[in-house]
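Single-letter residue listing:
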Amino acid sequence: MLRLLLLSATLLLAATVAQAQDLLIKHNTEEIRVKVVEVTPTDIRFRRTDNLEGPLYIVRKAEVRLIRYANGTQDEFGPAAPTAIAPAPVAGFLPAAPAPARAATPPGPVVPGDEDAAGGTVYLGGPRIGATVLTGGVVNKARESVPGLNPFLTQFGWQFETRIFRLANGTAGLFEFVPLIGGLEQGKFIPSLNALFGIRGPKGLEFGIGPNLTPVSASVALAVGTSFQYDGVNFPVNLAVVPGNGGARISLLMGFNSRRR
């Protein structure tokens, strides 16, 4: 009879303990019998029911799908976020230092063939085609030397580019020499020479300034541009403005680049 009473008491105690357990269900379907100690805005702190006097554990809310409490209520949480359950810091000990962040990888080269390390000189080049529009007094000045000139001219030429330096973040210093021939569609032959000193940013945006020489005048050219890549080929697009004589020459040029050896 005494044994029967002891067995009944044991079963009753086990049932009571089981009912007092909270059930933590994670997004990966893992279920853990716990005693929830605290729920913070970001974490859940608990002890395992098989060791209620043991360490305090912490798990991120994002890893937990729901908690079903012993009283029958439950809390549901958001999507999973990969992390590990770790015991809370113990008095007298400091938590392990976080792993150092990996240095950001410098941006890749913008121009194919421009892959050398920072500081190296690289020579690039390629054909250029585009158009120039003459505005204001520039048209009249040009017609003094080229009678009957239409203010819209096609341009054909070549860009010789020297990369003087390239920083670790991808910014490069450039020198560009661009000879062009304009007006062929009008039966004219109008050469121009452009020498530009500029900077290309890590995302391909570039700008430069330098002298512009034609048979009609000498001036300063201001240029801005960017580069597009398709299937490993680089396609630069540049807009240049040459002010002077009460107007300006505005040119839009495009082409492609390759490395010169």
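One can find the structure itself at the top, above this paragraph.
Below: a short report on this structure. In this text, all values refer to a predicted model and were calculated from it rather than measured experimentally.

This part covers the overall build of the protein. Helix and strand counts for the protein stand at two helices and 16 strands. For the protein, the proportion of its 261 residues judged to be buried stands at 34%. Taking the intrachain contacts of the protein between residues at least 6 apart in sequence as the baseline, contacts between residues at least 24 apart amount to 46%. Accessible surface computed for the protein: about 15700 Å², of which carbon and sulfur atoms make up 65%.

Attention now goes to helix 2 (residues 137–145). Listed as buried for helix 2 are V138, V139 and A142. The arc that holds every buried residue of helix 2, seen down its axis, measures 100 degrees, which confines them to one face. Turned more than 90 degrees away from the buried face of helix 2 sit N140 and E144, all of them exposed. Elements in contact with the buried residues of helix 2: strand 8 (122–136), strand 14 (233–244) and strand 15 (247–255).

With that settled, the discussion passes to unusual backbone geometry. Located in the positive-phi region is T29, a residue other than glycine, with phi close to 75 degrees. Here T29 is to be found in the loop between strand 1 (22–26) and strand 2 (31–39). Taking the relative accessible area as the measure of exposure, T29 reaches 64% and is therefore exposed.

What follows covers the pattern of salt bridges. Taken as a whole, this structure holds seven salt bridges when the rule is applied. Where R45 meets E38, a salt bridge forms, and the shortest distance between an N and an O atom there is 3.9 Å. The partly exposed category is assigned to R45, whose relative accessible area is 24%. The residue R200 makes a salt bridge to E206 at a minimum N-O spacing of 3.0 Å. Assigned by exposure class, R200 and E206 land together as buried.

Right, let's get into the nonpolar core. Grouped together as the largest cluster of nonpolar side chains are eleven residues: L24, I32, V34, V36, I44, F46, V59, V64, I67, Y69 and F77. Going through the elements one at a time, strand 2, strand 3 (43–48) and strand 5 (64–68) are the ones with two or more residues in this core. If you tally residues by element for this core, the top one is strand 2, at three residues. Counting eight residues, the second-largest nonpolar core is a separate cluster that includes V138, V146, L149 and L153.

Below, the discussion takes up the side chain of Q155. Among the secondary structure elements, Q155 is positioned in strand 9 (residues 152–166). Those residues in contact with Q155 that sit more than four places away from it in its chain are R128, I129, G130, A131, T132, L180, I181, G182 and L253.

Here the focus is the environment of V146. Mapped onto the elements of the fold, V146 is located in the loop between helix 2 and strand 9. Judged by its relative accessible area of 16%, V146 falls in the buried class. Along the sequence, V146 and I190 sit 44 residues apart, while their C-alpha atoms lie 8.6 Å from each other. Discounting residues that sit within four places of it in the chain, V146 has contacts with K188 and I190.

This part is about the packing of aromatic side chains. Summed over the entire model, instances satisfying the criterion amount to four aromatic pairs. For the ring pair W158 and F160, a centre distance of 6.5 Å and an interplane angle of 45 degrees mean the geometry is tilted. When its relative accessible area of 38% is taken as the criterion, W158 is described as partly exposed. Pairwise contacts between aromatic rings join W158, F160 and F177 into one cluster.

The subject of this paragraph is the side chain of R128. Within the secondary structure, R128 sits in strand 8. No salt bridge is formed by the buried R128; its nearest oppositely charged neighbour, E161, is found at 5.4 Å. A distance of 3.4 Å separates a polar side-chain atom of R128 from the backbone oxygen of G126.

Moving on: the pairing of strand 14. Remember that side chains alternate between the two faces of the sheet whenever the strand is regular. Taken together, the nine bridges between strand 13 (residues 218–230) and strand 14 define a ladder with antiparallel strand orientation. Bridged to G225 within strand 14 is N238. Alignment of strand 14 against strand 15, held across eight bridges, turns out to be antiparallel. Note that in strand 15 the partner of L239 across the bridge is L252. Hairpin connection, strand 14 to strand 15: the antiparallel pair is bridged by two residues, and N245 has positive phi, about 55 degrees.

What counts, and where the lines are drawn
- Residues numbered from 1 in each chain as written.
- Predicted model: local features only at pLDDT ≥ 70, side-chain atom pairs only at ≥ 80, totals over all residues.
- Heavy atoms only, no water.
- Helix = DSSP H or I, 4+ residues; strand = E, 2+ residues; numbered from the N terminus.
- Buried < 20%, exposed > 50% of the residue type's maximum accessible area, 1.4 Å probe, protein only.
- Contact = heavy atoms within 4.5 Å.
- Areas by Shrake-Rupley, 256 points an atom, 1.4 Å probe, with all protein chains shown as cover.
- Arc of directions from axis to C-beta.
- Salt bridge = Lys/Arg side-chain N within 4 Å of Asp/Glu carboxyl O.
- Core = buried A, V, L, I, M, F, W, Y, C linked by side-chain atoms within 4.5 Å.
- Phe/Tyr/Trp six-rings, centres within 6.5 Å; stacked < 30°, edge-to-face > 60°.
- Lys, Arg positive; Asp, Glu negative; His and termini not counted.
- Polar contact = N/O pair within 3.5 Å; in protein donor to acceptor, adjacent residues only side chain to side chain.
- Pairing = 2+ DSSP bridges.

These results come straight from atomic positions and should not be treated as a statement about function.
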